[in-house]
Amino acid sequence: MDFSLTKKQKMIREKTREFCEVNIIPVAQESDQKQELDPAVMEKMKKMNYFGSCIPEEYGGAGLHDDTIAFSIITEEIGRVDASWSITTGVHCSVCAYPIYKFGTEEQKEKFLINLAKGDKIGAFCLTEANAGSDVGGVQMTAEKEGDEYLLNGSKIFATNGGIAETLLVVGKTGEKGSRKELTVFIVDRDTPGYSVGVREDKLGCRASNTSELVFDNVRVPEENILGQLGGGFRLGLQILDYGRISIAAQCLGLAQGCLEAAIKYANERKQFGQKIARFQGIQWKIADITTAVESSRLLTYKAAWMCDQGMDYGLTASMAKLVASEAGMMAAHQAVQIHGGYGLMKAYPVERFFRDAKMGEIYEGTSEIQRMVIANHMLK
Ligand SMILES: Cc1cc2nc3c(=O)[nH]c(=O)nc-3n(C[C@H](O)[C@H](O)[C@H](O)COP(=O)(O)OP(=O)(O)OC[C@H]3O[C@@H](n4cnc5c(N)ncnc54)[C@H](O)[C@@H]3O)c2cc1C
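This is a predicted model, so every value here is computed, not measured.

**Regarding the overall build of the chain**
Inference 1: Looking only at helices and strands, the chain has 10 helices and 10 strands in total.
Inference 2: Viewed in the frame of its principal axes, the chain has a C-alpha envelope of about 80 × 45 × 40 Å.
Inference 3: Out of the 381 residues belonging to the chain, those deemed buried represent 51%.
Inference 4: Intrachain contacts of the chain at a sequence separation of at least 6 include 73% that bridge at least 24 residues.

What follows is the structure, encoded as structure tokens:
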């Protein structure tokens, strides 16, 4: 068993880390307070091809569609400094662009994927509704057939990138309630009449990331915009989320790594009782626990990514990676703030932001309870 990264993967980590330190760190705190992604960083990210990381070069991407470990490293490195950016690129890539590459027709790839891969258009994945959170079966958005078009009516909530997205994957009901063929995934262009952005959420963490309500009022979508099969949306949605969970695991892993580094730095600087607090066993044990959680998260995340690239069934491992990494992120942020004492609550230190950002990992794309349910279902079937 070889755990070493390839030369290319190491280079990608080095380059992404440098990019993040030069471009994201200086503006991360301000972006969090303004609840806005920095437009200059957005442009630079497009140039780095981060919006096309997991898309082949022939569609304008960076060609890491078969190197999910490298894609995870990018998401992890961005997450190490700013979860908001990691979520923005991660969601765009993993649950919008990649599914179009993986399940779309050649026409759909020409029409939507190239713009997504170049970052000329931002993508979103829209499943959650007021009465459909953990329970996907609760989706009420209707998609009625009219000629060779579908008429979408209803609203989605909590859509990451919602307010800035121009290409959306939207899950609607095309079949009888309760039937396995009830749901279908549609690719929707923001400029379609009847589509509008509703309330933008004011969140605890990941505040620069846009989370919005989206309203569909007689939105006409041509039949050729169905992603995958008519009525295949339940299964396809789960497949999309499997890949998305690797990306979230990587984002949370990065956040935990960022917390670890901040905690070590502070523990080596701060003196109390005449010595560095790093000399106290109470602090050392926290560092040991965070380090162990970071490494377990990394192993599971890269394993899920590797299994994906081998064409293996990786859903179970992706769920375990997401569960372990999101809980590691939460624990790491909690302990990193504790190590900072009172300063941990101050905006002058990044751990204050990491602490607020960490919670999101345990909620979106399936809560920790739902991950445990998925894992148990795999084991008990
Ligand atoms: C910041 C943010 C970004 C998001 N981005 C997106 C996005 O881009 N696209 C999208 O479609 N959605 C998105 N979501 C929605 C997210 O996926 C849901 O919030 C999540 O799946 C939980 O649904 P819910 O909030 O309705 O909670 P509920 O489903 O109402 O759950 C409430 C509680 O009950 C628990 N629970 C529910 N069912 C069970 C069960 N069977 N067993 C045990 N416990 C259970 C849950 O774990 C939770 O603790 C986002 C959410 C947030 C907060």
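So much for the structure itself; the text now carries on.
**Section: the domain arrangement of the chain**
Inference 1: Parsing the chain into structural domains produces domain 1 (7-122), domain 2 (124-233) and domain 3 (234-380).
Inference 2: The gap between the C-alpha centroids of domain 2 and domain 3 is 30 Å.
Inference 3: Of the residues in the side of domain 2 that touches domain 3, the class split is nine nonpolar, five polar and two charged.

**Regarding the pairing of strand β7 (residues 211-222)**
Inference 1: Pairing of strand β3 (residues 149-160) with β7 involves nine bridges; the strand directions are antiparallel. Paired with Lys156 across the two strands is Leu214, which belongs to β7.
Inference 2: Relative to β7, strand β6 (residues 195-200) is paired through four bridges, and the arrangement is antiparallel. Bridge pairing in β7 links Ser196 to Val215.

**Here's the deal with the site of the ligand**
Inference 1: Around the ligand, a shell composed of 22 residues is seen, among which Gly133, Ser134, Thr160, Thr367 and Glu369 lie nearest.
Inference 2: Contributing elements (two or more residues each) for the shell around the ligand: β1 (123-126), β3 and α10 (368-380).
Inference 3: Each residue belonging to the shell around the ligand can be placed in one class, and the counts come to 12 nonpolar, seven polar and three charged.
Inference 4: Both domain 2 (124-233) and domain 3 (234-380) contribute no fewer than three residues apiece to the shell around the ligand.

**Some details on helix α9 (residues 350-358)**
Inference 1: Taking burial as the measure, the nine residues of α9 include eight buried ones, the bulk of the element.
Inference 2: Those residues of α9 that sit buried are Pro350, Val351, Glu352, Arg353, Phe354, Phe355, Asp357 and Ala358.
Inference 3: Of the surrounding secondary structure, the elements contacted by the buried residues of α9 are α1 (7-34), α4 (83-103), α6 (233-269) and α8 (315-340).

**As for the packing of α4 against α6**
Inference 1: Axis separation between α4 and α6 bottoms out at 9 Å; the angle between their running directions is 155 degrees. For the element pair α4 / α6, the angle class is roughly antiparallel. Along this stretch, α4 crosses α6, giving a crossing that reads as right-handed. Contact residues: Ala83, Ser86, Ile87, Gly90, Cys93, Ser94, Val95, Tyr98, Pro99 and Phe103 in α4; Leu236, Ile240, Tyr243, Gly244, Ser247, Ile248, Gln251, Gly254 and Leu255 in α6.
Inference 2: Partitioned by chemical class, the residues of the contact of α4 with α6 number 12 nonpolar, seven polar and no charged.

**Some remarks on the nonpolar core**
Inference 1: Judged by nonpolar contacts, the single largest core of 115 residues is most densely connected at Phe186, Ala256, Cys259 and Ala333.
Inference 2: When residues of this core are assigned to their parent elements, the largest contribution, 19 residues, is made by α6.

**A few points about the environment of Thr174**
Inference 1: Within the fold, Thr174 resides in the loop between β4 (167-173) and β5 (183-189).
Inference 2: Sequence spacing of Thr174 and Thr142 is 32 residues, and the spatial spacing of their C-alpha atoms is 6.7 Å.
Inference 3: When sequence neighbours within four positions are dropped, the list of residues in contact with Thr174 reads Ala143, Thr184, Leu230 and Gly231.

**Observations regarding the packing of α8 against α10**
Inference 1: The interhelical angle for the contact between α8 and α10, taken along N-to-C directions, is 145 degrees, at an axis separation of 9 Å. With respect to the hand of their crossing, α8 and α10 are arranged in left-handed fashion. Residues Leu316, Ser319, Met320, Lys322, Leu323, Ser326 and Glu327 of α8 lie in contact with α10, whose contacting residues are Ser368, Gln371, Arg372, Val374, Ile375 and His378.
Inference 2: Counted by class, the contact of α8 with α10 contains five nonpolar, five polar and three charged residues.

**Let's talk about unusual backbone geometry**
Inference 1: Backbone geometry places Cys206, a non-glycine residue, at a positive phi of 45 degrees.
Inference 2: Positionally, Cys206 belongs in the loop between β6 and β7.
Inference 3: Of the residues examined, Cys206 has 28 C-beta atoms within 10 Å and is grouped as buried.
Inference 4: With a phi close to 55 degrees, Glu365 is a non-glycine residue in the positive phi region.
Inference 5: Given 27 C-beta atoms within 10 Å, Glu365 falls into the buried group.

**Here's the deal with the pairing of β4**
The side chains of a regular strand alternate between the sheet's two faces.
Inference 1: Burial analysis of β4 places seven of its seven residues in the buried class, which makes it a mostly covered element.
Inference 2: Judged by which residues are buried, β4 turns out to be covered on both faces: Thr167, Leu169, Val171 and Lys173 on one side and Leu168, Val170 and Gly172 on the other are all buried.
Inference 3: Note that β1 and β4 share four bridges and pair parallel. The partner of Phe125 across the bridge, within β4, is Leu169.
Inference 4: Two elements, β4 and β5, share seven bridges in a ladder whose sense is antiparallel. Across the sheet, residue Lys173 finds its bridge partner in β5, namely Leu183.

**A short note on the environment of Asp202**
Inference 1: The topology assignment puts Asp202 in the loop between β6 and β7.
Inference 2: A tally of 8 C-beta atoms within 10 Å means that Asp202 is categorised as exposed.
Inference 3: When the C-alpha positions of Asp202 and Asp148 are compared, they lie 39 Å apart, and in sequence the two are 54 residues distant.

Rules and cut-offs
Residues numbered from 1 in each chain as written. Predicted model: local features only at pLDDT ≥ 70, side-chain atom pairs only at ≥ 80, totals over all residues. Helix = DSSP H or I, 4+ residues; strand = E, 2+ residues; numbered from the N terminus. Buried ≥ 20, exposed ≤ 12 C-beta atoms within 10 Å, placed from the backbone. Contact = placed C-beta atoms within 7 Å. Domains from an automatic or database assignment. Nonpolar A, V, L, I, M, F, W, Y, C, P; charged D, E, K, R; others polar. Pairing = 2+ DSSP bridges. Near = placed C-beta within 6 Å. Axes fitted to C-alpha atoms, helices over the stretch in contact; angles between N-to-C directions. Parallel < 35°, antiparallel > 145°, perpendicular 65-115°, else oblique. Left-handed = near helix turned anticlockwise from the far one by under 90°. Core = buried A, V, L, I, M, F, W, Y, C linked by C-beta atoms within 7 Å.

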